[in-house]
4 protein chains.
Amino acid sequence: LSPGKRHLKKQESTFFGRNSMMLGDTNVPLYKQLHLSWTRPPSNCLVIKKYHDPAVLKKFKMMCIWLITVRGLDVYVEEKDFEELQTIKAGELPRSSSYDNFKSISTKNLDIEFIGLIEKIKVWKIGKDKLNNKIDFIACLGGDGTLLYASSLFQRSVPPIIAFSLGSLGFLTPFDFKEFPTVLNKVLKGTLGFTLRNRLESTLWSRGAEGESEEDDDHIIIPESVQVLNEVVIHRGIYSGVCMIDIYCDEFFVTTVIGDGVIVATPTGSTAYAAATGASIVAPSVPCYIIAPICPHSLSFRPIMVPLNCSLKCKLNKDARGDAQISFDGRHMQDFTKNHIVDISASEYPLPCIDKEGSMQDWFNGLQNTLLWNGRSSAQKPLEKKK
Amino acid sequence: LSPGKRHLKKQESTFFGRNSMMLGDTNVPLYKQLHLSWTRPPSNCLVIKKYHDPAVLKKFKMMCIWLITVRGLDVYVEEKDFEELQTIKAGELPRSSSYDNFKSISTKNLDIEFIGLIEKIKVWKIGKDKLNNKIDFIACLGGDGTLLYASSLFQRSVPPIIAFSLGSLGFLTPFDFKEFPTVLNKVLKGTLGFTLRNRLESTLWSRGAEGESEEDDDHIIIPESVQVLNEVVIHRGIYSGVCMIDIYCDEFFVTTVIGDGVIVATPTGSTAYAAATGASIVAPSVPCYIIAPICPHSLSFRPIMVPLNCSLKCKLNKDARGDAQISFDGRHMQDFTKNHIVDISASEYPLPCIDKEGSMQDWFNGLQNTLLWNGRSSAQKPLEKKK
Amino acid sequence: LSPGKRHLKKQESTFFGRNSMMLGDTNVPLYKQLHLSWTRPPSNCLVIKKYHDPAVLKKFKMMCIWLITVRGLDVYVEEKDFEELQTIKAGELPRSSSYDNFKSISTKNLDIEFIGLIEKIKVWKIGKDKLNNKIDFIACLGGDGTLLYASSLFQRSVPPIIAFSLGSLGFLTPFDFKEFPTVLNKVLKGTLGFTLRNRLESTLWSRGAEGESEEDDDHIIIPESVQVLNEVVIHRGIYSGVCMIDIYCDEFFVTTVIGDGVIVATPTGSTAYAAATGASIVAPSVPCYIIAPICPHSLSFRPIMVPLNCSLKCKLNKDARGDAQISFDGRHMQDFTKNHIVDISASEYPLPCIDKEGSMQDWFNGLQNTLLWNGRSSAQKPLEKKK
Amino acid sequence: LSPGKRHLKKQESTFFGRNSMMLGDTNVPLYKQLHLSWTRPPSNCLVIKKYHDPAVLKKFKMMCIWLITVRGLDVYVEEKDFEELQTIKAGELPRSSSYDNFKSISTKNLDIEFIGLIEKIKVWKIGKDKLNNKIDFIACLGGDGTLLYASSLFQRSVPPIIAFSLGSLGFLTPFDFKEFPTVLNKVLKGTLGFTLRNRLESTLWSRGAEGESEEDDDHIIIPESVQVLNEVVIHRGIYSGVCMIDIYCDEFFVTTVIGDGVIVATPTGSTAYAAATGASIVAPSVPCYIIAPICPHSLSFRPIMVPLNCSLKCKLNKDARGDAQISFDGRHMQDFTKNHIVDISASEYPLPCIDKEGSMQDWFNGLQNTLLWNGRSSAQKPLEKKK
């Protein structure tokens, strides 16, 4: 099955979960602006929150109550979050006046009511696709890190995600928590657009350590695949020498990275670690990978963007002296030795992230507000004309 | 008509000229590797050459003779080249032994025969699409600059181009002239792949200078469109102050470039001027634009890549103090004042460039051979492990 | 023991071991923090202002009055500024309450008094060193551009300069005009530090156009020297091809710049045009030049810093196809042809610029406030520890 | 009048005009080209070699024999190298014809003679300055890594070093081993120039872990100083989050690095790790430090150069979440926690490295040959003039 063919699958109407489908010119994988619509009203919502942060717990509670009592949805939470909820006692909830539009229950009685409502909340256990197919959409509370975590929970198709920031807005969390009732009403109505953020499917192959020859593919024993939203990183870690990593594209050898390591990033990841290496920044809907060296020895190792329908392969060069470390979205860090190969290709399962103002607008806002892109002080006025 | 829809048109069989069509997964505008095939044997070839270079003239003559006598094609040349051909006298042609595979006519008699053949050559005049539709393919002799010139001749659909380098190979000229008989035989047989290089459609609007208000669109009088293969450049020219250029994407304001200027480049152009500004390099089949500032005042003005289905607009900021210059693929340089607006969108007419080894392989070869990408001296071995 | 003192030890003959010693000219200073002191009280001040800006004219007037009436100094102004002063009529001066510390004359009567004082103001004409030697210090009102202009007026030794910004503070204008009486009192007392900003002495040699051979130095006819505070720029201007500029260091050939041009900058200039090319930023007291290519063709043309005691020479490469433009601190733009050579060496005449908090502190403040160096939004917090 | 001499004028009291003069420590040198001279003929040479490389051992042996037999010097070697020499048996030495100028002993009898000469070789043990003061010069065999090792052996004053490359030439190893007799004769004659490469004195302070307050300086217990030739690196190591490092300059706070880490490099180190981060490259005699962030979060964190007479201090920010790693010239890697502070200042003990053609020439040769600086393929000719 070619990558192109696999992409076509994305356009089936039930791809993103039980009740959602996307509209738009679906024969063009270069998405411009997609819009959410529901074939029948959404009824199940998974709420994911940043782990172990007391300030988040209260907001999390508030949103769960609202979804159950005001909108009558079935609310799912992760087991660890469910346990945390049990620890809340009456009187601990904030008396915030900032949720005036939270009409149906008085914030005064929030915690009392909540304790009564806890039994209505259902526990969602990570388990491939059975429960996933019950979820109509995901509400995410936290920063970009929490959204990366949410992405990691869904290794196959992902329901639409609405991401609320708890403080400063991020690229992946464009909504302010304070507006959650208004925003969630729009989600339920299906009037918002979304961006399909491509993920990478990374498969790490490791050969047994007994000294087989490099070609002895029969002994490759541990293929593990992971869907990556930001980037795969191979880094020298604490080895004080340099990494030497061979890069292959569609099975032909491209180059050897000599330096601290290499990043293979999505456009979503282009504003994260890849940006720190000096790579250009890519809008999320451009169907490409970014290959960016980390501190390369060569002065001329400019980062490159290759089309998403290429497949990449990385392994240590035979002359490499030390082992490296590999990580996926900053997680699952492990040794990357001469016994390892990582395959990277376009994932069939992109992440549908609900837009605030629009795919491109949100992105430009993120560039300016989060990265201070093209930032200038008021002093940087153009110089006067010379005499 | 949405950009997506327009892209679909590209996949009709007669798009690239009289007899050619392309194969491949044509529902995916993210082309991987396309292959040339002919619905009926090609019979008309336009030969374009670098202007006024005596060394080229001889090679040009040799190729024309070969196409006519060996392969029986109708050969078209530009009027200026036709005139130049008349000046060749018997005895001036090289007695190169490097064309041993040029079997049917002896190089010894090349110039004598040629003078006899001149009358068989037809003159091609630039004239939109009438003559263009007669051309089955274009053979181009010269460097990347000559191919840019060839691109400028075809403002609408372009026949497949096979580009021969006269000296060192370039990104756009992967074939060595010495192999032309072998290569052209493959072209005629239809066994080679090609890369569709996206072009930009740039429209320069200029308002009359009589002082109309900015909104007075009725007075916009001179829209001129041009298909651009590499880049549109707006530059301060000899104005000693800085440019201030406002960039709009899909009608919303993005940012103001303050600096020497701005480049809007195709992936093809990412190895040209855009590379000199520090932008990352993009494979030709990635459907995106590069927006790269030239010497920006802001330390944080990283170049960006936006999807090809956006439409861009640039104009001088109202506070700009001096005029700028605009150019298209380094040509048509003219003033860019507050009375001008340039619209840039994906062209419906990409350039089908015949590949040597394959789209991605040719590109990686170009990166390494032409740009010395990730170049290292033999001294840049990894350091020994520290004690 | 200060670092400076410790360095002195290096010059002892037995420093490197038993029998070695070093020779050489080791006396070029690396200034740390210099302090102003007066051998006798300063009595003559030149006030320079941004040209033709009504807002500046009023502040200029206010400062002149203060210097004359409150501190009893002789005030010099440029002829063009003197003429502009004549145009002020009574009643035109601002009634600002922000100059409360301006005690000796009431702002109410500012313009009336001023007209009476005008005859006390002396005209300073640019004329090498005769008048220059009368000036004890310069007060400069305007932005960095005005200070560059002030630098251009003093082609030999420069009195200490105190630079007041009229709006946003710059690298060269650290003082807010509102605090001028306090600040000028400190200057007169001699309690402030200053930074010696190195300048470049640039000499442009042009050969007669009659076609002499390149070696025919007898015909070099127009040597012109200029002291440059920021940078010498050689740029392709509106020539649409690339510049080819040969760089020599201490008479040996270094490299050929192929691109838009080249900048030879001082550390002071490292925050101006050179920064826009991507060069690193250099504190003003580091005794070096920056050689930074502008949009170089080569991916590996990293900017370099060479010691100030080198002498540089630039000329067009013999294969260059078009002429270039040369400018000095953005001024004196003129053609730079194959008949030109520019010599660049350390000027004997640095610019003593009075510091606000200290040489390094002012510089770091400028980096952060003016260039938003290492700027981060509040959203760019470090990511949480991964699970 | 040399630039150096002209600079001296600056220090006269009337330099800045009528009444001003400058004060301060103005005596820190900017070396141009230094030359070696001997007060009496050198008699003791330390030969240092790359560790445990059989190919080096033979060359090492050859050089030792030559120094003893041909030039009559006392030769010192490290203890580990001395032991390695014992393992050589007769007949193992190469019969190279490339040392024709090695006249006094026939290479045929090299190993037989050598075994007889071994007892003449003296063992040098690292022990501060007593033995060091016996050494007139050091001959170093190996790559840049071996020279860094040699630098680490001399924590105080360093005798002049002549560095022979065994394969490809490096920045620090400009001499080809094949020419060693000619080159060493020049060293002994004292006709070569040298470059004083500044080192950094790094002192790592660690507080006891018992929980003292940050201010409790009495409990700082382990100050360790090390002389660094290339750079001090603080890096996140395998911690998957970002480093947060506070930088102080002369006791005032400068900025917080958020990213993979930070490099404080000498100009010598500017061609090593710092170059990989994108910093500009600095000639070895420029008296400055380079502060270069490694993969910074901020788009605007341009590397900076500060004068060598500043003193720097780095520590983890109080909000840093993970520990970091610190290393010195790639050695002594250890944890860098909130209990650590590193002080960095100019070392009193620079490394005198003998030049091949001259300080600047050798450096430019290194840039071009080792780093392929401003490298271009023959294809990167300037484009033809546009029509």
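What counts, and where the lines are drawn
Residues numbered from 1 in each chain as written. Chains lettered and ligands numbered in written order. Predicted model: local features only at pLDDT ≥ 70, side-chain atom pairs only at ≥ 80, totals over all residues. Heavy atoms only, no water. Helix = DSSP H or I, 4+ residues; strand = E, 2+ residues; numbered from the N terminus. Contact = heavy atoms within 4.5 Å. Areas by Shrake-Rupley, 256 points an atom, 1.4 Å probe, with all protein chains shown as cover. Axes fitted to C-alpha atoms, helices over the stretch in contact; angles between N-to-C directions. Parallel < 35°, antiparallel > 145°, perpendicular 65-115°, else oblique. Left-handed = near helix turned anticlockwise from the far one by under 90°. Nonpolar A, V, L, I, M, F, W, Y, C, P; charged D, E, K, R; others polar. Core = buried A, V, L, I, M, F, W, Y, C linked by side-chain atoms within 4.5 Å. Buried < 20%, exposed > 50% of the residue type's maximum accessible area, 1.4 Å probe, protein only. Phe/Tyr/Trp six-rings, centres within 6.5 Å; stacked < 30°, edge-to-face > 60°. Lys NZ or Arg CZ within 6 Å of the ring centre and 35° of its normal. Arc of directions from axis to C-beta. Salt bridge = Lys/Arg side-chain N within 4 Å of Asp/Glu carboxyl O. Disulfide = S-S within 2.5 Å. Pairing = 2+ DSSP bridges.

Draft legend 1. Up close: the overall build of chain A. Scanning chain A from terminus to terminus reveals eight helices and 22 strands. Contacts in chain A between residues far apart in sequence, at least 24 positions, make up 68% of those at least 6 positions apart. Roughly 14000 Å² of accessible area belongs to chain A as shown, and the carbon and sulfur atoms make up 51% of that amount.

Draft legend 2. Expanded view of the packing of helix α2 (residues 54-70) of chain B against helix α6 (residues 180-189) of chain B. Residues and elements named next belong to chain B. The interhelical angle for the contact between α2 and α6, taken along N-to-C directions, is 45 degrees, at an axis separation of 11 Å. Classified by the angle their axes make, α2 and α6 are oblique. The handedness of the crossing between α2 and α6 is right-handed. On α6, the residues that touch M62, M63, W66 and L67 of α2 are F180, P181, L184 and N185. For the contact of α2 with α6, the per-class residue count stands at seven nonpolar, one polar and no charged.

Draft legend 3. Local environment of the nonpolar core. Formed by 288 residues in total, the largest nonpolar core has its most connected members in F364 of chain A, F364 of chain B, F364 of chain C together with F364 of chain D. With residues up to four places along the chain from it excluded, the contact list for F364 of chain D reads C249, F252, V254, I304 and V306 of chain C together with W373 of chain D. Counting 39 residues, the second largest nonpolar core, distinct from the first, contains V56, I65, V75 and I354 of chain D.

Draft legend 4. Examining the packing of aromatic side chains more closely. Tallied over the entire structure, the rule returns 42 aromatic pairs over all chains. With 6.4 Å between their ring centres and 55 degrees between their planes, W38 of chain B and F137 of chain B make a pair best called tilted. Placement of the pair is W38 of chain B in strand β2 (residues 34-38) and F137 of chain B in strand β6 (residues 137-141), with a sequence separation of 99 residues. Residue classification places W38 of chain B among the buried positions, given a relative accessible area of 15%. Ring plane angle 55 degrees and centroid distance 6.1 Å describe the contact between F164 of chain D and F175 of chain D, whose orientation is recorded as tilted. Taken together, the residues F164 of chain D in strand β7 (residues 161-165) and F175 of chain D in strand β8 (residues 175-176) connect sequence positions 11 residues apart. An aromatic cluster of at least three residues, connected via ring pairs, comprises F252 and F301 of chain A together with W363, F364 and W373 of chain B. Stacked on the ring of F60 of chain B, the Lys or Arg K49 of chain B has its end atom at 5.7 Å from the ring centre.

Draft legend 5. Here's a closer look at helix α6 (residues 180-189) of chain D. All names here are of chain D. Residues F180, P181, V183, L184, V187 and L188 constitute the buried set of α6. Down the axis of α6, the buried set is contained in an arc of 165 degrees. They therefore lie on one face. Taken together, the buried residues of α6 touch β2 (34-38), α2 (54-70), β6 (137-141), β7, β8 and β22 (351-354). G190 sits one or two residues past α6 and shows a positive phi near 80 degrees.

Draft legend 6. Inspection of the side chain of D260 of chain D at higher detail. As for its position among the elements, D260 of chain D is in strand β14 (residues 252-265). Not counting residues within four places of it along the chain, the set of residues in contact with D260 of chain D comprises H235, Y273 and I294 of chain A together with I234, H235, R236, C243, I294 and C295 of chain D.

Draft legend 7. Layout of the pattern of salt bridges. Tallying each qualifying case throughout the model produces 32 salt bridges over all chains. Between K80 of chain B and E78 of chain B there is a salt bridge, and its shortest N-O distance comes to 3.3 Å. For E78 of chain B, a relative accessible area of 6% puts it in the buried group. D260 of chain C is the partner of R236 of chain C in a salt bridge, and the nearest nitrogen-oxygen pair spans 2.7 Å. Remark: D260 of chain C occurs in strand β14 (residues 252-265) and R236 of chain C occurs in the loop between β12 (231-235) and β13 (243-249); sequence separation between them is 24 residues.

Draft legend 8. Main features of the environment of A150 of chain A. All names here are of chain A. With respect to the helices and strands, the residue A150 is situated in helix α5 (residues 144-153). With a relative accessible area of 0%, A150 lands in the buried category. Spatially, the C-alpha atoms of A150 and I161 are 8.9 Å apart, while their sequence positions differ by 11 residues. Dropping the residues within four chain positions of it, A150 is found in contact with I48 and C140.

Draft legend 9. Highlighting the state of the cysteines. All names here are of chain C. Evaluated as defined, the whole model comprises zero disulfides over all chains. Cysteine C353 shares no disulfide, and the gap to the nearest cysteine sulfur, in C140, comes to 9.0 Å. Among the residues examined, C353 registers a relative accessible area of 7% and is labelled buried.

Draft legend 10. Here's a closer look at the pairing of strand β22 (residues 351-354) of chain C. All names here are of chain C. Side-chain alternation along β22 places L351 and C353 on one buried face and P352 and I354 on a second face that is also buried. In this sheet, β22 lies alongside strand β9 (residues 193-197) in antiparallel orientation, the contact comprising four bridges. Bridge pairing in β22 links L196 to P352.

Draft legend 11. Structural detail: the environment of C249 of chain B. Along the chain, C249 of chain B turns up in strand β13 (residues 243-249). On the basis of relative accessible area, C249 of chain B is assigned to the buried category, the value being 0%. A C-alpha to C-alpha distance of 9.0 Å links C249 of chain B and C314 of chain B, two positions 65 residues apart in sequence. What C249 of chain B contacts, discounting residues up to four positions off in sequence, is M360 and F364 of chain A together with V254, C310, S311 and L312 of chain B.

Any functional reading would require information that these geometric values do not contain.
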